[in-house]
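If you want the building blocks of each chain, they are given just below.
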Amino acid sequence: MHKVYSPGDIEQRLYARWGASGLFAPQGASSGYCIVIPPPNVTGTLHMGHAFQDTIMDALTRYHRMRGEATLWQPGTDHAGIATQMVVERQLEGEGTTRAALGRERFIERVWKWKGESGDTIARQMRRLGASVDWSRDRFTMDEGLSHAVTEVFVRLYEEGLIYRGKRLVNWDPVLQTAVSDLEVLNTEEEGSLWHLRYPLEDGSGYVVVATTRPETLLGDAAVAVNPKDERYAALIGKSLRLPIVGRLIPLIADDYVDPKFGSGCVKITPAHDFNDYDVGVRHGLTQINVFTPDARMSDTVPEHLRGLDRFAARERVLAELDAAGLLDRIDKHNLMVPRGDRSGAVIEPYLTDQWYVRVAPLAEPAIEAVRNGSIRFVPENWSRTYFEWMRNIKDWCISRQLWWGHRIPAWYDDTGNVYVGRSESEVRALHGLAANITLRQDDDVLDTWFSSALWPFSTLGWPEQTAELKRFYPTSVLVTGFDIIFFWVARMIMMGIKFMGDVPFREVYVHGLVRDSEGQKMSKSKGNVIDPLDIVDGISLEDLVHKRTTGLMQPRLAPAIEKATRKSFPEGISAFGTDALRFTFVSLATQSADLRFDLARVGGYRNFCNKLWNASRYVLMGLEDSDGKALDPQLFDGECANGFADRWIVSRLGETLHLVDQAFAEYRFDFAASALYEFTWYEFCDWYLELTKPLLQSEHSSTEAKRAARRTLVTVLEALLRALHPLMPFITEEIWQRVAPLARVKLTAQPTIMTAVWPKASDWARDTVAETDVEWIKAFVLGVRQIRGEMDISPSRRLPLLLENADASDRSRLTTHESYLQRLAGLESVRVLEASETAPPSATAVMGAMRVLVPMAGVIDPQAEVARLDKRIVKTRDEIKRANAKLANENFVRYAPPEVVTQERIRIADFERTLASLEGQLVRVRELL
């Protein structure tokens with residue numbers, strides 16, 4: 001092995017070997033373990049959320065593969081209708097042409113061309129993170145098989161009356177001129193105005209005042225509503241109002257929707273341009289008047305002089321006319337949530353238009369019952385309550401989009417407006433007996449991307465064909481997903497799976513949080529805190545990072561701000577940490593909380609962990625081979641040899657660690673698995689067991705049998721540890737295992753790889769409470785001496801005389817048995833047990849239960865120099881306490897600083913006070929020597 005661990009030298013080489021082996025595909029003929037990847041957008045690149053999610057899925061996949069299960073991690077990408085269409089349209093714009101100029105057929109060809117050239121970016125990035133998906137089964141939501149499944153589902157739902165076409169309100173993007181889902185709408189707080197308008201009563205007896213943030217929609221008002229319990233307007237209910245500018249009479253109605261405490265208690269009702277107003281309009285049978293065109297200009301339903309105006313220009317004209325007529329009561333500054341399209345940035349309009357819908361209620365009830373009866377389990381369980389809340393308030397699903405890229409709706413129209421749904425035009429003609437001379441036109445709309453995604457768990461396995469894979473892997477085992485798409489994707493997969501497969505699509509749903517920065521802030525380019533996972537793997541200089549983030553922006557004006565934020569967040573760029581350090585960071589953060597705080601310093605810590613594992617492995621191998629690579633003990637595994645206490649201890653601790661890891665995987669507590677493996681590797685195997693083997697292996701007086709037992713234990717424990725770490729850190733474990741496995745007498749296959757090695761069973765590693773108790777005593781003893789060295793500033797190289805006070809029979813027995821280890825590990829000159837009649841000299845003390853470990857200070861330290869050193873530290877510590885207390889005494893600091901900062905300051909004071917007490921105690925003891 002090389003002296004230095006260098007992930008860049010091994011990761012891509014190993015992944016290429018894995019890929020060529022074909023072992024990512026399910027092995028064996030049994031039914032197995034299956035995860036379907038949430039399909040990332042084909043336009044996308046790997047962000048931190050993807051990297052975290054993929055790490056979790058890969059860890060589960062590798063774990064179950066090693067347990068002997070036929071394991072399938074199903075990959076694929078989503079065609080991402082709006083996002084992909086916009087990418088290609090921007091390309092066309094750069095070439096001086098447009099989608100319309102190209103025509104639908106040639107535009108679709110152009111999108112497929114782009115997909116072929118650039119659509120596998122995220123797959124390449126997944127390979128860099130070690131994703132062991134079955135690439136031979138890679139699917140795309142627009143490929144032939146999945147498109148066939150989409151058409152089949154649409155037709156069957158339509159034939160059962162569960163898909164219909166109707167005129168309803170949708171989120172409308174006037175730039176893209178399509179309906180969009182709630183997930184594609186970003187609600188941002190912006191400064192605006194609240195206009196208070198006067199609506200005159202028809203009889204001229206006065207007016208009512210309504211408040212609105214969108215005065216241009218006044219032109220489509222169908223009523224003014226008040227709360228039926230609002231006594232101020234009881235006498236006016238049922239009267240008519242004269243709609244300003246338009247002159248149309250509208251009723252004043254009563255509805256419980258109105259909050260009498262908000263504004264004047266009067267609300268304008270515009271059924272065609274507000275979702276709440278739409279519901280009120282339906283209850284009261286109000287007219288729906290659409291005042292906008294698809295591009296958000298004023299339609300022919302408004303007065304002629306306003307027609308064709310942009311909505312915001314129309315707003316200014318309407319306000320001017322109201323003011324001139326004395327109908328503008330007042331204007332208030334008002335912060336409001338403005339809905340904008342996440343792709344176009346345009347203000348979204350609630351818009352009345354003809355769309356295709358899924359009648360959801362009949363599909364929702366079985367999906368609710370599946371979670372209620374335990375057929376599907378949410379982890380953490382609290383997400384099931386969110387699921388129930390959404391599902392019980394579910395509304396019909398708008399599935400049509402006014403785009404060209406996507407699954408075109410399988411519906412055709414004749415010249416008289418009749419609609420026919422079928423799997424193809426030829427099927428439609430045959431089913432309905434339509435002659436060849438009857439012209440049919442296919443619906444121009446495409447289906448919502450979420451429609452094809454809802455079929456993902458069974459369409460990727462071959463449905464509607466009854467394939468062997470479908471029988472073997474459906475229902476899938478677990479879905480790993482973010483909480484933000486429980487309704488948009490998870491719920492719809494459950495509904496569609498039960499409907500078309502007669503069973504749930506997965507048994508468990510592991511819901512993870514969002515990856516945020518170290519301060520809990522959402523990652524965004526404008527804040528400069530967003531990180532490309534591969535920049536953490538490979539490293540990147542500051543200048544390259546700035547160039548990467550400011551090139552090719554959709555809004556170039558943001559470049560200076562992004563550059564400034566990037567330079568502030570990453571003043572030295574990002575170091576290269578390698579994939580395994582990043583993956584281990586992710587699993588250590590998988591705590592089942594809502595959010596994950598990501599800190600590069602933590603990645604650096606786990607990069608050190610990789611180094612620790614690498615160096616420990618080198619030590620083990622060097623203890624097994626000479627400089628020419630020949631075995632020092634060719635008969636290492638021949639015959640029986642009794643393990644020493646340290647060997648029995650590390651075997652026992654490994655068994656307990658494996659038990660904790662198995663339990664953690666079963667409970668989706670990846671943070672617990674990471675913690676158990678980290679603590680065993682670093683604190684038990686490296687810090688203690690390796691150190692305990694050194695005196696034995698380096699001594700000429702140790703028996704051949706004892707050395708053989710230690711070497712055998714070293715290599716077998718390391719080999720099992722590598723297997724246990726593999727799901728979390730695949731690359732470094734594979735690289736080391738290839739060298740360790742032959743020496744550990746592992747039975748190798750034709751394609752030897754740790755990836756298919758047998759998962760280590762906890763039951764194979766015998767628990768030994770006696771050995772554990774002995775080693776815990778040794779650890780406490782050595783740590784006590786090290787504590788004294790630290791407190792008294794005694795050099796680690798200084799060998800110390802030691803006295804033991806109040807030692808009982810078990811302490812004396814262990815001292816006799818393990819004295820050579822204690823002298824080596826604690827750096828001791830001598831150890832003596834004080835008799836009951838002896839008085840201990842002035843000493844530094846550590847306590848081990850009833851026994852006290854004493855280091856006599858005479859001759860070990862210079863009392864005068866030590867008093868001077870301690871005085872300086874005491875003064876400095878008191879100053880720190882004074883400063884921290886002054887900060888907490890500042891009311892502004894306590895009131896306005898983030899709570900975690902205030903808490904941290906209180907923790908600092910407590911730490912300083914403990915340090916001060918320890919220093920003052922040391923000073924008393926040292927002064928006794930003067």
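Definitions and limits used
Residues numbered from 1 in each chain as written. Predicted model: local features only at pLDDT ≥ 70, side-chain atom pairs only at ≥ 80, totals over all residues. Heavy atoms only, no water. Helix = DSSP H or I, 4+ residues; strand = E, 2+ residues; numbered from the N terminus. Buried < 20%, exposed > 50% of the residue type's maximum accessible area, 1.4 Å probe, protein only. Contact = heavy atoms within 4.5 Å. Areas by Shrake-Rupley, 256 points an atom, 1.4 Å probe, with all protein chains shown as cover. Lys, Arg positive; Asp, Glu negative; His and termini not counted. Charge placed at Lys NZ, Arg CZ, Asp CG, Glu CD. Phe/Tyr/Trp six-rings, centres within 6.5 Å; stacked < 30°, edge-to-face > 60°. Lys NZ or Arg CZ within 6 Å of the ring centre and 35° of its normal. Pairing = 2+ DSSP bridges. Axes fitted to C-alpha atoms, helices over the stretch in contact; angles between N-to-C directions. Parallel < 35°, antiparallel > 145°, perpendicular 65-115°, else oblique. Nonpolar A, V, L, I, M, F, W, Y, C, P; charged D, E, K, R; others polar. Core = buried A, V, L, I, M, F, W, Y, C linked by side-chain atoms within 4.5 Å. Expected span 1.5 Å × (residues − 1). Salt bridge = Lys/Arg side-chain N within 4 Å of Asp/Glu carboxyl O.

The number of helices and strands found in the protein is 30 helices and 29 strands. Its C-alpha atoms put the protein at 110 × 70 × 55 Å along the principal axes. Expressed as a percentage of the 930 residues in the protein, the buried residues total 53%. Of the contacts formed within the protein by residues at least 6 apart in sequence, a portion of 77% connects residues at least 24 apart. About 41,600 Å² of surface is accessible on the protein, with carbon and sulfur atoms providing 50% of the total. Put simply, the protein has 112 plus and 126 minus side-chain charges, and the middle of one group is 2 Å from the middle of the other.

Its location among the elements puts S384 in helix α11 (residues 383–392). On the accessibility criterion, S384 (6% relative accessible area) is buried. Measuring from C-alpha to C-alpha, the distance between S384 and I486 comes to 9.7 Å, with 102 residues separating the pair along the chain. The contact partners of S384, leaving out residues within four places of it in the chain, are V371 and F378.

Turning our attention to unusual backbone geometry. With an omega of -5 degrees, the peptide bond running from V379 to P380 counts as cis. With respect to the helices and strands, P380 occurs in the loop between β15 (377–379) and α11. Of note, the amide linkage connecting Y474 to P475 takes the cis form, showing an omega dihedral of 0 degrees. Following the sequence through the fold, P475 ends up in the loop between α15 (468–473) and β22 (476–482). Unlike most non-glycine residues, D793 shows phi in positive territory, near 55 degrees. Phi at N806 is positive, roughly 65 degrees, even though this residue is not glycine. On the secondary structure map, N806 appears in the loop between β26 (800–805) and α27 (809–826).

Turning next to the packing of aromatic side chains. Enumeration over the complete set of coordinates arrives at 42 aromatic pairs. Between F107 and W404, the aromatic rings sit 5.9 Å apart at their centres with planes inclined by 70 degrees, giving edge-to-face as the arrangement. Here W404 lies in the loop between β17 (400–401) and β18 (411–413) and F107 lies in helix α5 (residues 104–118), a separation of 297 residues in the sequence. Considering the side-chain rings of F154 and W356, the 5.6 Å spacing of their centres and the 65 degrees angle between planes classify their relative orientation as edge-to-face. Taken together, the residues span a long stretch of sequence, with F154 in helix α7 (residues 144–159) and W356 in strand β14 (residues 349–358) at a distance of 202 residues. One aromatic cluster is present, built from ring pairs that chain together Y63, Y510, F665, Y668, F670 and W759. Over the face of the ring belonging to W135 we find R127, whose NZ or CZ atom lies 4.0 Å from the ring centre. One cation-aromatic arrangement involves R669 over F672; the distance from NZ or CZ to the ring centre is 4.0 Å.

Pairing within the open sheet is antiparallel, and its three strands lie in the order β19-β18-β20. Edge strands, defined here as strands with exactly one partner in the open sheet, are β19 (419–421) and β20 (441–442). In this sheet, β19 lies alongside β18 in antiparallel orientation, the contact comprising three bridges. Looking across to β19, one finds that Y413 is bridged to V419.

Next up on the list: the packing of α11 against helix α16 (residues 486–501). Axis separation between α11 and α16 bottoms out at 11 Å; the angle between their running directions is 80 degrees. Considered as vectors, α11 and α16 are oriented roughly perpendicular to each other. Along its contact with α11, which presents W383, Y387, W390 and M391, the element α16 presents I486, F487, A491, I494 and M495. Among the residues forming the contact of α11 with α16, the class breakdown is nine nonpolar, no polar and no charged.

Moving on, we get to the sheet that holds β15. What the three strands build is an open sheet, ordered β15-β23-β22; its pairing is parallel. Bordering the open sheet on either side are β15 and β22, each of which pairs with just one other strand. Across this sheet, the average inter-strand angle for adjacent strands is 20 degrees, counted without regard to direction. One ladder, built from six bridges, connects β22 with strand β23 (residues 506–512); its direction is parallel. What sits directly across from L479, in β23, is V509.

By the secondary structure assignment, L434 is in the loop between α12 (425–432) and β20. Judged by relative accessible area, L434 falls into the buried class, the value being 15%. Separated by 367 residues in sequence, L434 and R67 have C-alpha atoms that sit 58 Å apart. In contact with L434, not counting residues within four places along its chain, are Y420, V428, R429 and L440.

In this section: the nonpolar core. F451, F598 and F685 are the most contacted members of the largest nonpolar core, which totals 217 residues. If you tally residues by element for this core, the top one is helix α23 (residues 670–698), at 16 residues. The residues touching F685, leaving out its near neighbours within four places in the chain, are A616, V620, I650, F680, L690, L714, V717, L718 and L721. In this structure, L219, V224, L241 and V318 belong to the second largest nonpolar core, which totals 36 residues.

Let's shift gears to helix α22 (residues 645–666). Here α22 is 22 residues long and its end C-alpha atoms lie 32 Å apart, about the 32 Å a rise of 1.5 Å per residue gives. Two residues or fewer after α22 comes Y668, characterised by a positive phi angle close to 60 degrees.

Attention shifts here to the pattern of salt bridges. For the structure on display, the rule yields 67 salt bridges. Across the pair R62 and D58 runs a salt bridge whose closest N-O atoms are separated by 2.7 Å. Of this pair, R62 and D58 both sit in helix α2 (residues 48–66), four residues apart, roughly one helical turn. Grouping residues by exposure puts R62 and D58 together as buried. Here K499 and E160 are joined by a salt bridge, their closest N and O atoms 2.5 Å apart. Of this pair, K499 sits in helix α16 while E160 sits in the loop between α7 and β5 (163–173), and the two are 339 residues apart along the sequence. Accessibility expressed as a relative area gives 47% for E160, which makes it partly exposed. Each member of the salt-bridge network shares a partner with another, and the members are R653, E656, E684, R767 and E772.

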